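Spelled out, the chains give:
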Amino acid sequence: MTRSTCTPDVEQLSPDTRMIHAGGGSAYGIVNMPVFRASTLLFDTVQEYEDALVRRSPSVSYARYGTPSTQAFEKAMTEAEGGYGAAVFPSGLAAIVVALISALGAGDHVLISNAVYGPTRNFCIKTLSRFGVTATFFDPLISDGLEALFQTNTRALFLESPASMTFEVQDVPRLAQLAHARGCKVLIDNTWATPVFFSPFSHGVDISIHSASKYLVGHSDAIMGVAIAADNATYQQLRSAWAEMGQTASSDDCFLALRGLRTLHVRLKRHYQSALQVAEWLRERPEVARVLYPALSQSPGFRIWRRDFTGASGLLGIQLKQFSAAAVARMANGLKLFGIGASWGGHESLILPVNPANLPAMQPDGPLLRLHIGLEDPDDLLRDLEAGFARLTL
Ligand SMILES: *Cc1c(COP(=O)(O)O)cnc(C)c1O
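Residues numbered from 1 in each chain as written. Predicted model: local features only at pLDDT ≥ 70, side-chain atom pairs only at ≥ 80, totals over all residues. Heavy atoms only, no water.

*Asks:* Explain the site of the ligand here, please?
*Replies:* Neighbouring the ligand are 13 residues, the closest being G92, D189, S211, S213 and K214. For the ligand, an oxygen atom lies 2.8 Å from a polar atom in the backbone of G92. Between S211 and the ligand, the recorded distance is 2.8 Å, taken from a side-chain N or O atom to an oxygen atom. With the chains in place, 91% of the 380 Å² that the ligand exposes on its own is no longer accessible. (Near = heavy atom within 4 Å. Polar contact = N/O pair within 3.5 Å; in protein donor to acceptor, adjacent residues only side chain to side chain. Areas by Shrake-Rupley, 256 points an atom, 1.4 Å probe, with all protein chains shown as cover.)

*Asks:* I'm lost on the pattern of salt bridges in this one. Help?
*Replies:* Any two side chains of opposite charge can pair, so long as their charged atoms come close to each other. Going through the model one piece at a time under the given rule, you end up with 12 salt bridges. Between D171 and R307 there is a salt bridge whose closest N-O contact spans 2.7 Å. On the criterion of sequence distance, the pair formed by D171 in the loop between strand 4 (154-160) and helix 6 (172-181) and R307 in helix 10 (residues 302-308) is long-range, its members being 136 residues apart. D171 gets classed as buried once you look at its relative accessible area, which sits at 13%. Residue R307 is classed as partly exposed on the basis of its relative accessible area of 44%. (Salt bridge = Lys/Arg side-chain N within 4 Å of Asp/Glu carboxyl O. Helix = DSSP H or I, 4+ residues; strand = E, 2+ residues; numbered from the N terminus. Buried < 20%, exposed > 50% of the residue type's maximum accessible area, 1.4 Å probe, protein only.)

*Asks:* Even after reading the chapter, I still don't get unusual backbone geometry, so can you show me in this structure?
*Replies:* Residues apart from glycine generally show negative phi values, whereas peptide bonds are mostly found in trans. Residue P162 is reached from S161 by a cis peptide bond, and omega for that bond is -10 degrees. Among the structural elements, P162 can be located in the loop between strand 4 and helix 6. Of note in the backbone geometry, T194 takes a positive phi value of approximately 60 degrees without being a glycine. Although it is not a glycine, S220 adopts a positive phi angle of roughly 55 degrees. Relative to the helices and strands, S220 is located in the loop between strand 6 (207-211) and strand 7 (225-229).

*Asks:* Even after reading the chapter, I still don't get the nonpolar core, so can you show me in this structure?
*Replies:* Soluble globular proteins tend to pack their nonpolar side chains together in the buried interior. Counting 88 residues, the largest nonpolar core has F73, W192, L282, Y293 and I318 as its most contacted members. Counting residues per element, this core draws most heavily on helix 9 (residues 251-283), which supplies 11 residues. Setting aside anything within four residues of it in sequence, one finds F73 in contact with V88, L216, M224, V226, C254, A257, L258 and L261. Of all hydrophobic cores here, the second largest spans 30 residues; its members include Y65, A94, C124 and V133. (Core = buried A, V, L, I, M, F, W, Y, C linked by side-chain atoms within 4.5 Å. Contact = heavy atoms within 4.5 Å.)

*Asks:* Looking at this structure, how should I read the sheet that holds strand 9 (residues 315-320)?
*Replies:* In sheet architecture, strand pairing relies on hydrogen bonds along the backbone and comes in two forms, parallel and antiparallel. What the 5 strands build is an open sheet, ordered 8-9-12-11-10; its pairing is mixed. For this open sheet the edge positions go to strand 8 (288-292) and strand 10 (339-340), each flanked by a neighbour on one side alone. (Pairing = 2+ DSSP bridges.)

*Asks:* Please explain the packing of aromatic side chains as it appears in this structure.
*Replies:* Within the structure shown, the criterion is met by 9 aromatic pairs. Relative to Y272, the ring of F197 has its centre 5.6 Å away and its plane inclined at 70 degrees; by these criteria the two rings are edge-to-face. Residue F197 is located in helix 7 (residues 194-197), and its partner Y272 is located in helix 9; the two are separated by 75 residues in the primary sequence. Linked through ring pairs, F197, Y272, F302 and W305 together constitute an aromatic cluster. Sitting over the face of the ring of W242, R239 holds its NZ or CZ atom 3.8 Å from the ring centroid. (Phe/Tyr/Trp six-rings, centres within 6.5 Å; stacked < 30°, edge-to-face > 60°. Lys NZ or Arg CZ within 6 Å of the ring centre and 35° of its normal.)

Okay, here's the thing in structure tokens:
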């Protein structure tokens, strides 16, 4: 028996409801799309195999090009962001790299926010340059000033808003408008906001990219990426680069990401509520020089954040007053609820000392810490942080 979920007029449904059913419809009455582990796919006749080769998508000839599990997640993300089509990747970084390659060729120029995720920056400096692509890194808070940076060969603009270390909020609609006037594609790393809090395609973006390892999977147990294209032409280019470069993601991980997507809106509301409470508490602390969280009304990014976003996730930064590295280590090492580690977006809270000297967009003042506010009771987190601050001045 096959019963796809009843599809009421999706336009009338709230985004939260759509997230529950996005990409839905399974087989045999099973609620969730099962994990289809596969490499070879068998066909009844040579003709059917040859037809599948030609059509490749949505029909599949070989599991690298997709399984029902990977396609269900791609479909769900396409619906969640309101795009044309999506492609899954083995990591968020792979999604970024292939999306950039899909938009660029030898002799082209790309404009990149100076505050992007470090490995994104490295890829442009080290690898893209070897293939004859030049890059200009710009102040993430630039607005009309971007206009002067376009060259005749500029083909793409890469944004990350807010930046995941320094939290500058970019004027995406304005920057996208300037790029489109020059025929450039606009790419954004939307990992921080997720589809729940920022809709890239209604703000002029052509390709939205996520590290699914963060909030989409949401439980710190898989590495995966996804890129979604706004329109058919952009999707065909992305899909072609994806196929040619051998990209895919395992059905197991797509199952986890699809499961994560079902509770994404609920988890993110809690991350938002708790992070805001923690951010407001941190702002009052004498040890803290600055809190980097766009949802704080005192934050420099607040105006644009409130205009373009519907919420804020659980990742924020704090810049401490002058404390030694040893004092900061003493503070972080003794925390009971905050793990020390990279990545974020799972159910658990994290803390990571960041060296501001490595961050192009940051003034090297006091030590910078990045916090991920997880799904614990925020009052417990505040007690843990309070004890941590006491260790700063031991
Ligand atoms: C983690 C992260 C990535 C890379 O994702 P992986 O899945 O770890 O490859 C890209 N962008 C941002 C903002 C990230 O935080």
